[in-house]
Amino acid sequence: MKTVIITGAGGRLGISFIKVLIDKGYNISACELDAKRVSETKKLFKGKNFYISKCDITIEDDLESFFKETIDIFGQIDAVVNNASITSELLEKYGEPPSSFENTTLKSWNHTLAVNLTAPFAISKIFTKYFKECDRPGVGKIINVSSIYALNAPDPKLYENSKIKSFAAYSASKAGLIGLTLWMSSFLAKNNITVNAIAPGGVFNNHPKEFKSKLEEKIPLGRMAEPEDISNVLEFLISDKSNYINGQVINVDGGYSSR
């Protein structure tokens, strides 16, 4: 039975990823920074092939400990999903609310890049070292969760008079994640590791009605994504059916990026 590591496990996408992969027979080792979310997610998947740990993915020692715990419990690691992400809502929670571009603090900028880009680099590095040393059969998988805003400019009008904010560090970090995906896909292939990215569109999460309506006008399919729209693509990329897919960015956005 293959084991998959998932970061940012307590969010709406993270929970959907866990559910679809457990249903397909994978072991899941998840990590999450928020202690309340750790507790809630643990209860949600109690009795399954599931482990979750409180972990700060911006601290390399925490990541090393988390990987060791995973190997001790499941005996192997076959794939990692870099899902954790800083959003405007989280910056607000951390007391670093997105401001105008010219008033953006370096603290806010650096925090966003640390979670959205540097942590996936560190996690992928640890996984690659493990995968090389254990000489496991099969293909190792790294899946990075990017965003439509890595490849498309946001429309400022969408965010006018909205509590949801678009901020430069998010787009920059998600674009950097695609650059990292492409580099790793080329250099890690010799280790039988494939690296791909998913670029989701807006995933509905009780968004304000006005924001939802404005965004859906820009989407050819006429609706925001549901978590399952993204997790089903993730399951395909984790499975052996995708073993020859490498270095790709899959837009899952209802056609948003086609316009």
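Whatever comes next refers back to the structure up there.
The rules behind these values
- Residues numbered from 1 in each chain as written.
- Predicted model: local features only at pLDDT ≥ 70, side-chain atom pairs only at ≥ 80, totals over all residues.
- Heavy atoms only, no water.
- Helix = DSSP H or I, 4+ residues; strand = E, 2+ residues; numbered from the N terminus.
- Buried < 20%, exposed > 50% of the residue type's maximum accessible area, 1.4 Å probe, protein only.
- Lys, Arg positive; Asp, Glu negative; His and termini not counted.
- Salt bridge = Lys/Arg side-chain N within 4 Å of Asp/Glu carboxyl O.
- Contact = heavy atoms within 4.5 Å.
- Disulfide = S-S within 2.5 Å.
- Phe/Tyr/Trp six-rings, centres within 6.5 Å; stacked < 30°, edge-to-face > 60°.
- Lys NZ or Arg CZ within 6 Å of the ring centre and 35° of its normal.
- 1 Å grid on protein atoms, 1.4 Å probe; cavity = no way out; pocket = protein on both sides within 12 Å on 5 of 7 lines; lining within 4 Å.
- Points joined across faces, edges and corners; volume = space filled by probe spheres on them.
- Nonpolar A, V, L, I, M, F, W, Y, C, P; charged D, E, K, R; others polar.

1. Thoughts on the side chain of Glu-235
Mapped onto the elements, Glu-235 comes out in helix 8 (residues 227-238). Comment: no salt bridge for buried Glu-235; closest opposite-charge side chain is Lys-24, at 4.8 Å. When neighbours within four sequence positions are excluded, Glu-235 is seen to be in contact with Val-20, Leu-21, Lys-24 and Tyr-26.

2. Structural notes on the state of the cysteines
The final tally for this structure, using the stated rule, is 0 disulfides. No disulfide involves Cys-31; its sulfur sits 4.6 Å from the nearest other cysteine sulfur, which is in Cys-55. No disulfide involves Cys-134; its nearest neighbouring cysteine sulfur is the one of Cys-31, lying 19 Å away.

3. Section: the packing of aromatic side chains
The relation between two aromatic rings is expressed through the spacing of the ring centres and the mutual angle of the planes. With the rule as written, the count across this model stands at 6 aromatic pairs. A centroid spacing of 6.3 Å and a plane angle of 85° characterise the contact between Phe-66 and Phe-67, whose relative ring orientation is edge-to-face. Among the residues examined, Phe-66 registers a relative accessible area of 2% and is labelled buried. Of the residues examined, Phe-67 reaches a relative accessible area of 4% and is grouped as buried. Arranged with centres 5.6 Å apart and planes meeting at 55°, the rings of Tyr-159 and Phe-211 form a pair that is tilted. Taken as a pair, Tyr-159 in the loop between strand 5 (140-145) and helix 6 (168-187) and Phe-211 in helix 7 (residues 209-216) lie far apart in primary sequence, 52 residues in all. Overall, the relative accessible area of 6% leaves Phe-211 in the buried class. Residue placement shows Lys-212 over the ring face of Phe-204; its charged tip is 5.6 Å from the ring centre.

4. A look at unusual backbone geometry
Excluding glycine, residues mostly carry a negative phi; peptide bonds, for their part, are mostly trans. Of note in this structure, Asn-161 is not a glycine but carries a positive phi near 60°. Position of Asn-161 among the secondary structure elements: in the loop between strand 5 and helix 6. A positive phi angle, near 55°, is found at Asn-206, a position not held by glycine. By the secondary structure assignment, Asn-206 is in the loop between strand 6 (193-200) and helix 7. Here Asn-206 falls in the exposed class, since its relative accessible area comes to 67%.

5. What about the layout of surface pockets?
Of the volumes computed, that of the largest pocket is approximately 1500 Å³. Lining the largest pocket are 50 residues; nearest its centre among them are Ser-85, Ile-86, Thr-87, Glu-89 and Leu-90. Those elements that place two or more of their residues in the lining of the largest pocket are helix 1 (12-23), strand 2 (27-32), helix 4 (88-93), helix 5 (106-134), helix 6 and helix 7. For the lining of the largest pocket, the element with the most residues is helix 4, which contributes 4 residues. A breakdown of the residues in the lining of the largest pocket according to their chemical character gives 23 nonpolar, 17 polar and 10 charged. Top contributing element to the lining of the second largest pocket by residue count: helix 6, with 3 residues. Classifying every residue of the lining of the second largest pocket gives 9 nonpolar, 6 polar and 3 charged.

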